[in-house]
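# Structural characterization, general
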Amino acid sequence: MADRNPPEDRLDNLRSRVAKARGETSSTSQPPDSAASLAFRFGGEFGAAILVGALLGYGVDFFIHTSPWGLVAGLVLGFAAGVVNIVRVASAYNKANPPDPNAPRIPDDDD
Amino acid sequence: MSNDPIHQFHINPISPPIHLGAVDATFTNASLFMVAGVAVASGFMAWAMRSQALVPNRAQSVAEIGYGFIHGMVKDAAGEEGVKRFFPFVFTLFTFIFMANMLGMFPYWFAPTSQIIVTATMALMVFFTVLIIGIGKNGFKFLKLFVPSGVPIYILPFVVLIEIISFFSRPLSHAVRLWANVLAGHLVLKVFAGFVPMMAAAGGLVLVGSILPLTMTVALYALEFLVAFLQAYVFALLTCIYLNDALHPGH
């Protein structure tokens with residue numbers, strides 16, 4: 001046997017070696033998101049924020065009689081919140097699925 | 001009737017009317033399939049784990065893999081503390097949605113998750129859990145969720161407003177995603193399946209052509225099984241992400 005470590009050591013790190021062999025890292029349970037489900041998610045997050053923003057603005061109008069300025073402000077803020085939501089989802093997705101560093105470069109207009 | 005794609009979502013009472021105060025608690029086909037989902041899920045778990053063997057048989061393996069799958073997901077998204085506090089909740093949500101979706105895949109059966117009131121109730125349960133646990137555990141520090149660090153003071157009011165809207169939009173997008181996926185999937189299935197008898201009845205060359213929608217229906221059915229699992233998974237995963245905010249507010 002080439003391995004000179006005492007047998008206790010081999011048992012000690014057995015768990016980590018098994019985990020490594022199985023390819024387990026911090027996230028073990030994630031099936032990959034399909035492109036369609038991701039697109040659905042973007043749309044849902046964006047639309048929901050606009051709806052909620054408009055609703056909150058309408059509520060403000062209703063209670064302090066500022067119609068239509070509450071609705072206008074709510075729509076604009078809801079739009080901004082929708083963009084924030086999308087950026088959050090996208091950055092979380094990019095963090096979970098880093099781009100392949102060996103992928104071929106895609107030429108853009110500057111090239 | 002059988003060609004109407006909306007017909008499958010009709011709620012029909014199957015018991016004499018029950019009224020609890022002002023609440024109409026009549027037992028309907030939706031209630032029946034929700035009860036069936038709970039019964040199948042808990043029945044399977046109890047049956048699979050009856051021997052509690054050290055070396056599991058096949059059924060016990062399925063139960064343990066399902067448990068380990070959700071456990072890993074909660075741990076990844078909300079940490080050890082999340083597992084301690086919320087694992088039963090997330091596991092219940094996942095198994096219920098999964099079973100409801102799967103039972104809904106049987107022809108002529110009913111998918112309770114195609115009703116937005118069902119998904120909205122679950123999304124609001126998560127929303128209020130986040131609010132109550134978040135405020136109970138962190139007190140005023142929970143409000144840091146709405147105040148990102150490192151924002152210049154002159155745009156802070158706008159950012160706080162946007163964060164509040166973003167926070168309140170969560171239950172909506174959470175509920176709509178599951179509901180819309182299940183509803184749209186069942187509608188598309190029914191529409192394509194409805195073409196088959198229509199084209200077959202026309203006879204001649206069109207009868208031969210009816211093989212196309214039939215193939216499409218089979219392919220869509222496979223896709224719907226994937227969606228049934230994936231949407232249960234996504235719902236549970238988002239629940240974990242939101243619950244993590246209750247434990248650790250502030251970005």
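Residues numbered from 1 in each chain as written. Chains lettered and ligands numbered in written order. Predicted model: local features only at pLDDT ≥ 70, side-chain atom pairs only at ≥ 80, totals over all residues.

Turning our attention to the overall build of chain B. What chain B contains, in helices and strands, is 6 helices and 2 strands. Along chain B, helices (α) and strands (β) appear in the sequence β-β-α-α-α-α-α-α when read from the amino end. Residue burial in chain B is summarised as follows: out of 251 residues, 31% are buried. (Helix = DSSP H or I, 4+ residues; strand = E, 2+ residues; numbered from the N terminus. Buried ≥ 20, exposed ≤ 12 C-beta atoms within 10 Å, placed from the backbone.)

Looking only at helices and strands, chain A features 4 helices and 0 strands. Counting from the amino terminus, chain A carries its helices and strands in the arrangement α-α-α-α. Here the analysis covers contacts within chain A between residues at least 6 apart in sequence; of these, 55% occur between residues at least 24 apart. (Contact = placed C-beta atoms within 7 Å.)

The subject of this paragraph is the interface of chain B and chain A. Counting from both sides, the interface comprises 17 residues of chain B and, opposite them, 22 residues of chain A. Within the residue set of the side of chain B that touches chain A, elements represented by two or more residues are helix H2 (58–104), helix H4 (156–202) and helix H6 (211–247) of chain B. Across the side of chain B that touches chain A, the residue classes break down as 11 nonpolar, 4 polar and 2 charged. (Nonpolar A, V, L, I, M, F, W, Y, C, P; charged D, E, K, R; others polar.)

Time to look at helix H3 (residues 116–138) of chain B. Residues and elements named next belong to chain B. For H3, spanning 23 residues, the distance from its first C-alpha to its last is 32 Å, which sits close to the expected 33 Å at 1.5 Å a residue. For H3, the full list of buried residues reads Val118, Thr119, Met122, Ala123, Val126, Phe127, Val130 and Gly134. Backbone geometry just downstream of H3 places Gly139 in the positive-phi region, at approximately 60 degrees. (Expected span 1.5 Å × (residues − 1).)

Attention now moves to the nonpolar core. Core analysis: the largest hydrophobic core is formed by 60 residues, its most contacted members being B:Val90, B:Phe94, B:Ile97, B:Ala236 and B:Cys240. Of all elements in the fold, only helix H3 (35–64) and helix H4 (69–96) of chain A together with helix H1 (29–48), H2, H3, H4 and H6 of chain B reach the threshold of two or more residues within this core. For this core, the leading source of residues is H2(B), giving 16 residues. Contact partners of B:Val90, with chain neighbours within four places excluded, come to B:Ile70, B:Val74, B:Ala236, B:Thr239 and B:Cys240. (Core = buried A, V, L, I, M, F, W, Y, C linked by C-beta atoms within 7 Å.)

All right, on to the packing of H2(B) against H6(B) then. Residues and elements named next belong to chain B. At their nearest, the axes of H2 and H6 sit 8 Å apart, and the two run at 145 degrees to each other. Of the two possible hands of crossing, H2 and H6 adopt the one that is right-handed. Residue composition of the contact of H2 with H6, by class: 22 nonpolar, 5 polar and 1 charged. (Axes fitted to C-alpha atoms, helices over the stretch in contact; angles between N-to-C directions. Left-handed = near helix turned anticlockwise from the far one by under 90°.)

One rule of thumb: low pLDDT means the predicted coordinates there are not for detailed reading. Of the residues in chain B, 98% have a pLDDT of 70 or more, and the chain-wide mean is 91. Reported confidences for the modelled complex are a pTM of 0.83 and an ipTM of 0.75. (pLDDT = per-residue confidence, 0-100.)

Attention shifts here to the environment of B:Thr217. Note that B:Thr217 resides in helix H6. Every residue in contact with B:Thr217, bar those within four places of it in the chain, is listed here: B:Leu189, B:Phe192, B:Ala193 and B:Val196.

What follows concerns the environment of B:Ser114. Residues and elements named next belong to chain B. Here Ser114 lies in the loop between H2 and H3. Between the alpha carbons of Ser114 and Ala30 there is a distance of 9.7 Å; along the sequence they are 84 residues apart. Those residues in contact with Ser114 that sit more than four places away from it in its chain are Phe9, Gly104, Trp179, Val182, Leu183 and His186.

A separate point is H1(B). Counting along an α-helix, one turn takes 3.6 residues, and residues three or four places apart therefore face a common direction. Residue and element names in this part refer to chain B. Counted at 1.5 Å a residue, the expected span for H1 with its 20 residues is 28 Å, and the 28 Å between its end C-alpha atoms agrees. Among the residues of H1, those classed as buried are Ala30, Phe33, Met34, Gly37 and Ala41. Buried residues in H1, looked at end-on, bunch into an arc of 110 degrees, giving them a common side. The outward face of H1, more than 90 degrees from its buried face, is lined by the exposed residues Val35, Ala39, Gly43, Ala46 and Trp47. (Arc of directions from axis to C-beta.)

Right, let's talk about unusual backbone geometry for a bit. Omega for the bond connecting A:Ser67 with A:Pro68 falls within 30 degrees of zero, at 5 degrees, which places this linkage in the cis form. Of note in this structure, B:Tyr108 is not a glycine but carries a positive phi near 70 degrees. In this structure, B:Tyr108 sits in the loop between H2 and H3. Residue classification places B:Tyr108 among the exposed residues on the basis of 6 C-beta atoms within 10 Å.

Next up on the list: the packing of H1(B) against H2(B). Residue and element names in this part refer to chain B. Where H1 contacts H2, the axes come no closer than 8 Å and their chain directions differ by 105 degrees. What the angle tells us is that H1 and H2 run roughly perpendicular. Taking contact as the criterion, the partners of Phe33, Met34, Ala36, Gly37, Val38, Val40, Ala41, Met45, Trp47 and Ala48 in H1 are, on H2, Ala59, Gln60, Val62, Ala63, Thr95, Phe96, Met99, Ala100 and Leu103. Grouping the amino acids of the contact of H1 with H2 by side-chain chemistry returns 16 nonpolar, 3 polar and no charged. (Parallel < 35°, antiparallel > 145°, perpendicular 65-115°, else oblique.)

Further remarks concern the confidence of the model for chain A. On average, residues of chain A score 78 in pLDDT, and 69% of them are at 70 or above. H4(A) holds the highest mean pLDDT among the elements of chain A, 91, whereas helix H1 (residues 7–12) of chain A holds the lowest, 56.

All names here are of chain B. Inspection of the secondary structure puts Ile116 in helix H3. By the C-beta count within 10 Å, which is 15 here, Ile116 ends up partly exposed. Separated by 61 residues in sequence, Ile116 and Arg177 have C-alpha atoms that sit 9.8 Å apart. Once residues within four sequence positions are removed from consideration, Ile116 is found in contact with Ala175 and Trp179.

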